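Fold and geometry: a report
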Amino acid sequence: MAQIECEDLTLGYEGKTVLSHLTFSVGAGDYLCIVGENGSGKTTLMKTLLGLCRPLSGAVRFGDGVKKNEIGYLPQQTAVQRDFPASVGEIVLSGCVGRCRTPFYGKKERALAEEQIERLGLSPLRDRCYRELSGGQQQRVLLARALCATRRLLLLDEPVAGLDPRMTEEMYAIVEELNRRHGITVLMITHDLSAARRYATHVLHIGGEIFFGTREEYLTREKEGEDRV
């Protein structure tokens, strides 16, 4: 059963259309890489899936029991966010806010945050200030925070942007394990086509011609394009 279905979506802002006639679906356990040129509408699409933007037309439907407040999201960071003066533990715990029925975190939320801190190897950094961490460490903290919000569906917007090659491979390995071993559905915006070829089960290319299909279909499309040159 599809966790997300998008039908004939038209997306934009301030009356300007950036993407139109987009139809695709995401099933449980998929690893979808969203690729395309700058300004093609990738981030707008992700914000629409999160309910932060309204589509100009078309429909977004969630199935298989997925709820909007149960989606984990790792956005691109701004300079201000990188300098946020809170501890690692506090930031990870804040990912549980959608689970709380009161203004206070309970034992379940604190246990869940601790589980994700341990899963991402952040225990030695628990009390460190977030802004003192390296870029790779910060991304692991934000991923742990996102995992506090979900056990099923994770949205990542350029999760390796600005990371060195070692940290990039580490982040990809973590995401792959979450998908393959733990069954978490992944939607990842990326400019790294080699990552899409290596990790994705499905690829969505937007901007100009729209393509949606399996990784194998995407690789065949690329090969046919090369043969025509």
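So, here is what we can say about the structure in this document. Here the structure is a predicted model, which means the values were calculated and not measured. (Residues numbered from 1 in each chain as written. Predicted model: local features only at pLDDT ≥ 70, side-chain atom pairs only at ≥ 80, totals over all residues. Heavy atoms only, no water.)

**Side note on the sheet that holds strand β2 (residues 16-27)**
Hydrogen bonds between backbone atoms are what pair the strands of a sheet, whose relative direction is either parallel or antiparallel. Cut-off, in case you're wondering: Strands are treated as partners if at least two bridges between them are detected by DSSP. Only runs of H or I of at least four residues qualify as helices and only runs of E of at least two qualify as strands under DSSP, and these elements are numbered from the N terminus. All axes are obtained by fitting lines to C-alpha atoms, using only the stretch in contact for helices, and the reported angles, taken between N-to-C directions, cover 0 to 180 degrees. Should any heavy atoms of two residues lie within 4.5 Å, those residues are counted as being in contact.
With antiparallel pairing, three strands are arranged side by side in an open sheet as β2-β1-β4. A strand with exactly one partner marks an edge of an open sheet, and here the two such strands are β2 and β4 (57-62). Neighbouring strand axes in the sheet, compared pairwise and without regard to direction, differ in orientation by 15° on average. Two elements, strand β1 (residues 2-13) and β4, share five bridges in a ladder whose sense is antiparallel. Bridging across to β4, C6 finds its partner in V60. Together, β1, β2 and β4 form the strand contacts of helix α1 (residues 42-49), whose direction differs from that of β1 by roughly 125°.

**Side note on the pattern of salt bridges**
Definition in use: Any carboxyl oxygen of Asp or Glu that lies within 4 Å of a side-chain nitrogen of Lys or Arg is treated as forming a salt bridge with it. Burial classification: accessible surface area is computed with a 1.4 Å probe over protein chains only, and a residue below 20% of its type maximum counts as buried, one above 50% as exposed, and the rest as partly exposed.
Counted according to the given criterion, the structure contains twelve salt bridges. Across the salt bridge formed by E5 and R61, the nearest N and O atoms sit 3.8 Å from each other. With E5 in strand β1 and R61 in strand β4, this residue pair connects regions lying 56 residues apart in the sequence. Under the relative-accessibility criterion, R61 is labelled partly exposed at 38%. One salt bridge in this structure joins R181 and E177, with 3.1 Å as the shortest N-O distance.

**Things to note about the packing of helix α5 (residues 135-149) against helix α6 (residues 165-180)**
Selection rule: Roughly parallel means an angle under 35 degrees; roughly antiparallel means over 145; roughly perpendicular covers 65 to 115; every other angle is labelled oblique. If you view the pair so one helix is near and one far, a crossing is left-handed when the near helix is turned anticlockwise from the far one by less than a right angle, and right-handed when it is turned clockwise. Just so you know the grouping, Ala, Val, Leu, Ile, Met, Phe, Trp, Tyr, Cys and Pro go in nonpolar, Asp, Glu, Lys and Arg go in charged, and all remaining residues, Gly too, go in polar.
Direction vectors running N to C along α5 and α6 enclose 15°, while the axes themselves pass 10 Å from each other. Considered as vectors, α5 and α6 are oriented roughly parallel to each other. Viewed along their axes, α5 and α6 form a crossing whose handedness is right-handed. On α6, the residues that touch G136, Q139, R140, L143 and L147 of α5 are M167, E170, M171, I174, V175 and L178. The class makeup of the residues in the contact of α5 with α6 is seven nonpolar, two polar and two charged.

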